[in-house]
Amino acid sequence: MQKIYFLIVFLFLFFIPKSFAQQPSKPDAVAIYHQIQKLNFLGSVLYIAAHPDDENTRLISYLSNEKNARTGYLSLTRGDGGQNLIGPELRELLGVIRTQELIEARKIDGGEQFFSRANDFGYSKNPDETLAIWNKDQVLSDIVYVIRKFQPDVIINRFDARSPGTTHGHHTSSAMLSLEAFDQTNNPNAYPNQLSSVGVWQPKRVFFNTSWWFYGSKEKFEKADKTNLTALSIGVYYPSFGKSNQEIAALSRSRHQSQGFGSTGTRGEEQEYLEFLKGDALQDKTNLFEGIDTSWNRVKGGKAVGDLLSNVEKNFDFKNPSASIPDLVKAYSLVLKLDDTHWKTIKAEEIKKIIAACSGLYLEAVAKNQEATLGSNLTVNLEAINRSSVPMQLMTINTFPATKDEEKARPIDLKPNVLQNIGVEIPLTENLSYTQPYWLAEKGTVGMYRVDDQTKIGIPDVIRQVKVIFNVLIDGVSIPFEREVVYKMNDDVKGEVYKPLDIVPDVTTSIKNKVVLFNDGKTKTIEVKIKAGKDNIKGDLQLELPENWKHSPQSIPFTLSKKGEEQTVSFQVSPGKNAEEITAKCIATVDGKRFDKEQFNINYEHICKQQVLKPSEAKLIKLDIKTGKEKIAYIMGAGDEVPKCLAQMGYEVSIIKPEEIMAEKLQNFNVVMTGIRAYNTVQALAFKQDILFDFVKAGHTMIAQYNTLDDFVTPNIAPFPMKVSRDRVTEENATVTFLAPEHPILNTPNTITSKDFEGWKQEQGLYYPSEWDAAFTPIIAANDKGETPKKGAILVVKYGKGNYIYTGLSFFRELPEGVSGAYRLMANMISLK
């Protein structure tokens, strides 16, 4: 008898890596049948746009579920430059959230997700600016690589390459680069370095997914000549799913929670329109795959596979899916003999999943702990159960990394509905990497993430290295089933909860305040939190500063006995003599090894838990700034870090809940400030405006930060008429003109100059008012190149004895980034008498 050996397996990165599911997929007979139907369609469509939430989920769902096409979405960016409606994460942390939201969306609509290395650096008004900040050649290379790997027959662009300046520059750039890539993917001289891992490929045709939005209104689109457009009736109803295509699409789009894109499903007839751009034109405008053999006949030797799978589809028994297993195993064996490596890889994986689903074959590898460190042994429980009458044997188990367990065991008969549990110890060898989004592992640029490994380009998710392969013998054929090692627990409220396994440093550190202002030259206390990644950690903590900054003590010894234990220590830091901004770095030394990472855990219920490791550092700023002693009541909106920054300035800040907005409560404060999007998200403000305006009337100050054009909870966000618009200044270094140079906001207590608008991040501001009552005083003006001045960045109006200020300046970005001028300007607004 063969024995179970625990062997190392060198695993290759598939282009479609298995994304971690918060709950393992357990498809019912209807879902299995749909997967079988998709087995018999060999056609692919790639949808291309710029950002998460740009994709047309109605069309993706239709192509995947109605046409059974392999449907991918290539988002050039991960949405790092957007706003966050559900929490304080911005930039790369927001990109991680939006990446996971897209992965979850594809699980619903049936698509597959891909990305390029392009960084969403913020709003751009034209493709020239976009392509000057992105590395155009690298982004084009990534698109070419994804096309060559995915091998789409049809490409659909979300945006129009012929209308620069009418929409986001990223949008137009995505369409322009897609068309350029279409002409290069079949050229062996284009990016020849890719050809060691992919071959050249030529899509058949490319379309633009037009709609009324591109015509300016629904009325104009209804009147437009559509004879040259391909119309797809996407309003289908799927009886087996019990949902319309639009209902599935709405569920998918509603995964974009960070952007507030919850969507309500619709029912009934609906059209999507495609405009032909390049390639072979359609004669039959109802068939996107015209001239393409989407049957198994497109693959040499595929006819026999197709015949078998057609039989499986025809004879599928919804009450006994396992009856299909013999033919599925035969088809799997035939697929492995195909010369076409592209379809062989894809269809072999699909058939394996269907075999497991039909038999109720449940295979799982669960770690004892959610976090583990390099050099440790990971205790893993393997579960295997065959819930069908089909004879199966678990022949071998391969682990990566290789287990040290030398126990010899017999192959295990997986008898019907008999649970098998096997314990293994997997050594986490030092050649593994910490768990981290691979695109964040190296420092990139403003416009690009750095990924040097060509084979990782396009992969959407974190690449997890600890895996188990169960080799199961079914009908004489050994079939490998790969599973990532995960963590599972029972929550008293939620029940069974799955999380990914994270490999963490032995110790991580976190400087409490990421921006520390030294505005009076005095010594300040810098607190650092130390967290143990394993038991019995002992070391020393140092703070690295420039020589002209002093701190004591020079190092702090620490001892942490339990994994997860935290300790907070303090350094006393004195600034240099001159105004400057420096970076303080935190280093923990354990057994001669330096650890310099801070751990960020992103936990939201609609996505998988994510770990991000960033350098443990903070900005220390010796700043020429004067502040008062005002007490500030902060009404949080969508979520931001502004209150922490105000506290750093020396203000006494209280975050008050909407129900606490009462006259007697507010009398304890000098200033009320609303957070970003407060008038879009805090419904209670609709009933609190009179109280807030009375607060201003009584001689106090109210500062309202930006709101979008989404539905306002009240039309009266200011005491006088004012209209918020889409006006914005995206060029962060745009020249600023002072419209009211004598106004106290520009003079008291800090003299504001043009220098205070240097070094701003991503943008100056957004959603400025474009119209306002004559009672308002506009303070500054700026504009992007080629545009008229935008004067709505700061509007001030006297109301009673106090002042109301509305600002679209992006303080929510600039203050956490430590932009000195933003702090000085904010101090003046707060100090306004």
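Numbering of residues starts from 1 in every chain and runs along the sequence as written. Owing to the predicted nature of the model, reporting of local features is limited to residues with pLDDT of at least 70; listing and counting of side-chain atom pairs is limited to 80 or more, with chain, interface and lining totals taken over all residues. Note that water and hydrogens are dropped before the side-chain values are worked out from all heavy atoms of the structure.

Caption draft 1: Structural detail: the nonpolar core. In terms of nonpolar packing, the biggest core is built from 77 residues, with L646 and I794 touching the most fellow members. In terms of residues, this core owes the most to one element, helix α17 (residues 820-831), which gives seven residues. With near-sequence residues (within four places) excluded, L646 lies in contact with I632, Y634, Y651, V653, M673, M826 and I830. Counting residues in each nonpolar core, the second largest holds 61 residues, with I325, L382, M392 and I412 among its members. Put simply, buried Ala, Val, Leu, Ile, Met, Phe, Trp, Tyr and Cys residues joined by side-chain atoms within 4.5 Å make one nonpolar core. The buried label goes to any residue with under 20% of its type's maximum accessible area, the exposed label to any with over 50%, and the partly exposed label to all in between, with areas taken from a 1.4 Å probe on protein chains only. Helix numbers and strand numbers start at the N terminus; a helix is a DSSP run of H or I with at least 4 residues, a strand a run of E with at least 2. When checking whether two residues touch, look at their non-hydrogen atoms; a contact exists if any pair is within 4.5 Å.

Caption draft 2: A look at the pattern of salt bridges. Any carboxyl oxygen of Asp or Glu within 4 Å of a side-chain nitrogen of Lys or Arg constitutes a salt bridge here. A complete count under the given rule lists 43 salt bridges for this structure. Across the salt bridge formed by D280 and K204, the nearest N and O atoms sit 3.3 Å from each other. A residue pair is termed long-range when its members are at least 10 positions apart, and D280 in the loop between β10 (271-279) and α9 (303-314) and K204 in the loop between α6 (169-182) and β6 (205-210) qualify at 76 residues. Residue classification places K204 among the partly exposed positions, given a relative accessible area of 29%. Salt bridges sharing common partners tie together K125, D784, E787 and K790.

Caption draft 3: Quick peek at the sheet that holds strand β2 (residues 44-49). At least two bridges found by DSSP between two strands is the condition for calling them paired. Strand order across the open sheet formed by seven strands is β4-β3-β2-β5-β6-β10-β7, with mixed pairing between neighbours. Two strands lie at the open edges of the sheet, namely β4 (112-115) and β7 (229-233), each paired on one side alone. Averaged over all neighbouring strand pairs, the angle between strand axes comes to 30°, with direction disregarded. As paired strands, β2 and strand β5 (residues 154-157) are joined by four bridges and run parallel to one another. For Y47, the partnering residue across the bridge sits in β5 and is I156. Strand contacts of helix α2 (residues 57-66): β2, β3 (70-75), β5, β6, β7 and β10, with the helix running at about 150° to β3, the strand carrying the most contacts. The axes are straight lines fitted to the C-alpha atoms, using for helices just the contacting stretch, and the angles between their N-to-C directions are given from 0 to 180°. With respect to the sheet, α6 is in contact with β2, β5, β6 and β10, its orientation differing from that of β5 by roughly 160°.

Caption draft 4: Seen up close, the environment of Y449. By the secondary structure assignment, Y449 is in the loop between β16 (420-427) and β17 (467-474). Residues Y449 and N135, spaced 314 residues apart in sequence, show a C-alpha to C-alpha distance of 10.0 Å. If sequence neighbours within four positions are ignored, Y449 has contacts with D80, E92, R117, A118, N119, W439 and L440. Under this definition, polar contacts are N or O atom pairs within 3.5 Å; protein pairs additionally need one hydrogen-donor-capable and one acceptor-capable atom, and for neighbouring residues in sequence, both atoms have to be side-chain atoms. At 2.6 Å, the side chain of Y449 and the side chain of D80 are in polar contact.

Caption draft 5: Spotlight on α9. With 12 residues, α9 should reach 16 Å at 1.5 Å per residue; the first-to-last C-alpha distance of 16 Å fits that figure. Looking at α9, one finds that the buried residues are V305, G306, L308, L309 and V312. Here the buried residues of α9 occupy an arc of 165° about the axis, which is enough to place them on one side. Among the exposed residues of α9, those oriented more than 90 degrees off its buried face are K303 and K314. Those residues of α9 hidden inside the fold are in contact with α1 (29-39) and α10 (325-336). By definition here, a helix of n residues has an expected span of 1.5 Å times n minus one. Of all possible arcs, the one meant is that of the directions from the helix axis to the C-beta atoms.

Caption draft 6: Structural view of the side chain of R824. With respect to the secondary-structure elements, R824 resides in helix α17. When sequence neighbours within four positions are dropped, the list of residues in contact with R824 reads L623, D624, I625, N750, T751, I752 and D756.

Caption draft 7: Local environment of the environment of A304. By the element assignment, A304 lies in helix α9. Judged by its relative accessible area of 39%, A304 falls in the partly exposed class. Here the alpha-carbon distance between A304 and V335, two residues 31 residues apart in the chain, equals 9.4 Å.

Caption draft 8: Representation of unusual backbone geometry. The linkage connecting F400 with the following residue, P401, adopts the cis geometry, with an omega of 0°. Considering the arrangement of structural elements, one finds P401 in the loop between β14 (392-400) and β15 (412-413). For the bond running from S552 to P553, omega is -5°, close enough to zero to count as cis. Relative to the elements of secondary structure, P553 occurs in the loop between β26 (550-552) and β27 (555-560). Although it is not a glycine, R91 adopts a positive phi angle of roughly 50°. Notably, Q151 is not glycine yet its phi reads approximately 55°, a positive angle. In this structure, Q151 sits in the loop between α5 (136-150) and β5. With relative accessibility at 16%, the residue Q151 sits in the buried group.

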